[in-house]
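Residues per chain are reported as follows:
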Amino acid sequence: MKFFQTISTCFKKYLSVEGIASRREFWFWFLFVVIVLMLATIIDGAFIAPALGYLPFEAEAGRPLATVLLLILAAPTITAAARRLHDSALSGWWLFIGVTIIGLIPLAYLLIKSGTKGENRFSV
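Peer 1: Would you mind showing me how to read the pattern of salt bridges here?
Peer 2: Charged atoms that come close allow side chains of opposite charge to pair. Evaluated as defined, the whole model comprises two salt bridges. Close ionic contact of Glu25 with Arg83 constitutes a salt bridge, the shortest N to O distance being 3.6 Å. Of this pair, Glu25 sits in helix α2 (residues 23–51) while Arg83 sits in helix α3 (residues 64–87), placing them 58 residues apart in sequence. Across this residue pair, the class does not change: Glu25 and Arg83 are buried. As a salt-bridge pair, Asp87 and Arg84 come within 2.7 Å of each other at their nearest N and O atoms. Of this pair, Asp87 and Arg84 both sit in helix α3, separated by three residues, roughly a single helical turn.

Peer 1: Explain the packing of α2 against α3 here, please?
Peer 2: To describe two helices that pack against each other, one gives the angle between their axes and the distance between the axes. Put simply, α2 and α3 touch, their axes get as near as 10 Å, and they point 175° apart. As summarised for this structure, α2 and α3 are arranged roughly antiparallel, according to the angle between their axes. Split into classes, the residues belonging to the contact of α2 with α3 amount to 18 nonpolar, two polar and five charged.

Peer 1: Before we go on, may I ask you to explain the nonpolar core in this structure?
Peer 2: Nonpolar side chains in soluble globular proteins generally cluster together in the buried interior. Among the nonpolar cores identified, the biggest contains 16 residues, and Trp29, Phe32, Val33, Leu73, Leu85 and Leu111 are the most heavily contacted of them. Among the elements of the structure, α1 (3–12), α2, α3 and α4 (104–112) are those that each provide at least two residues to this core. When residues of this core are assigned to their parent elements, the largest contribution, six residues, is made by α2. Setting aside chain neighbours within four positions, we find Leu85 in contact with Leu90, Ser91, Gly92, Trp94, Leu95, Leu107, Leu110 and Leu111.

Peer 1: Explanation requested: the layout of surface pockets in the structure shown.
Peer 2: Left-over empty space is what a probe sized like a water molecule reveals as it rolls over the atoms. Space inside the largest pocket adds up to approximately 260 Å³. If you go around the largest pocket, the residues you meet are Phe26, Trp27, Phe30, Thr77, Ile78, Ala81, Leu95, Gly98, Val99, Leu107 and Leu111. Secondary-structure elements contributing two or more residues to the lining of the largest pocket are α2, α3 and α4. Its residues assigned to classes, the lining of the largest pocket comprises nine nonpolar, two polar and no charged.

Peer 1: Please explain α2 as it appears in this structure.
Peer 2: Think of an α-helix as 3.6 residues a turn; residues three or four steps apart then line up on the same face. With 29 residues, α2 extends 41 Å from end C-alpha to end C-alpha; this agrees with the ideal 42 Å at 1.5 Å per step. Its maximal kink placed at Asp44, α2 deviates by approximately 40°. All of the buried residues along α2 are Glu25, Phe26, Trp29, Phe32, Val33, Val36, Leu37, Ala40, Asp44, Gly45 and Ala49. For α2, the secondary structure elements touched by its buried residues are α1, α3 and α4. Positive phi shows up at Gly53, right after α2, with a value of about 95°.

Peer 1: Would you mind showing me how to read the side chain of Thr79 here?
Peer 2: For Thr79, the position within the fold is in helix α3. For Thr79, a relative accessible area of 7% puts it in the buried group. Residue contacts for Thr79: discarding those within four places in its chain leaves Lys13, Tyr14, Leu15, Ser16 and Val17.

Analysis parameters
- Residues numbered from 1 in each chain as written.
- Predicted model: local features only at pLDDT ≥ 70, side-chain atom pairs only at ≥ 80, totals over all residues.
- Heavy atoms only, no water.
- Salt bridge = Lys/Arg side-chain N within 4 Å of Asp/Glu carboxyl O.
- Helix = DSSP H or I, 4+ residues; strand = E, 2+ residues; numbered from the N terminus.
- Buried < 20%, exposed > 50% of the residue type's maximum accessible area, 1.4 Å probe, protein only.
- Axes fitted to C-alpha atoms, helices over the stretch in contact; angles between N-to-C directions.
- Parallel < 35°, antiparallel > 145°, perpendicular 65-115°, else oblique.
- Nonpolar A, V, L, I, M, F, W, Y, C, P; charged D, E, K, R; others polar.
- Core = buried A, V, L, I, M, F, W, Y, C linked by side-chain atoms within 4.5 Å.
- Contact = heavy atoms within 4.5 Å.
- 1 Å grid on protein atoms, 1.4 Å probe; cavity = no way out; pocket = protein on both sides within 12 Å on 5 of 7 lines; lining within 4 Å.
- Points joined across faces, edges and corners; volume = space filled by probe spheres on them.
- Expected span 1.5 Å × (residues − 1).
- Bend = angle between axes of the 7 residues up to and from the residue.

Set out below in structure tokens:
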């Protein structure tokens, strides 16, 4: 899957946890989210904070653009992660191990490892 095709796919499956997501699909999506949020933070600090009367990159200014984008991109990121777990024949409920700080390590492993060969119960 190409980078922009992956972005389109994740937006089309905005709230769908059915099916699977390949490693490439999930990590391209994750890269897109990181880039968008970094750019939004830079725009917030350089342009929006001064417009609100704060010094550039002042912490008290908040990050309104980054916050809105984070809220918009949270749902497709969670559903893409659930579909990524489906590729390894795991339930999307495994995402809840990331709630604990120590659970982020095994969750990262589950998202990084290759999926099952052939069909599994989540393949549609």
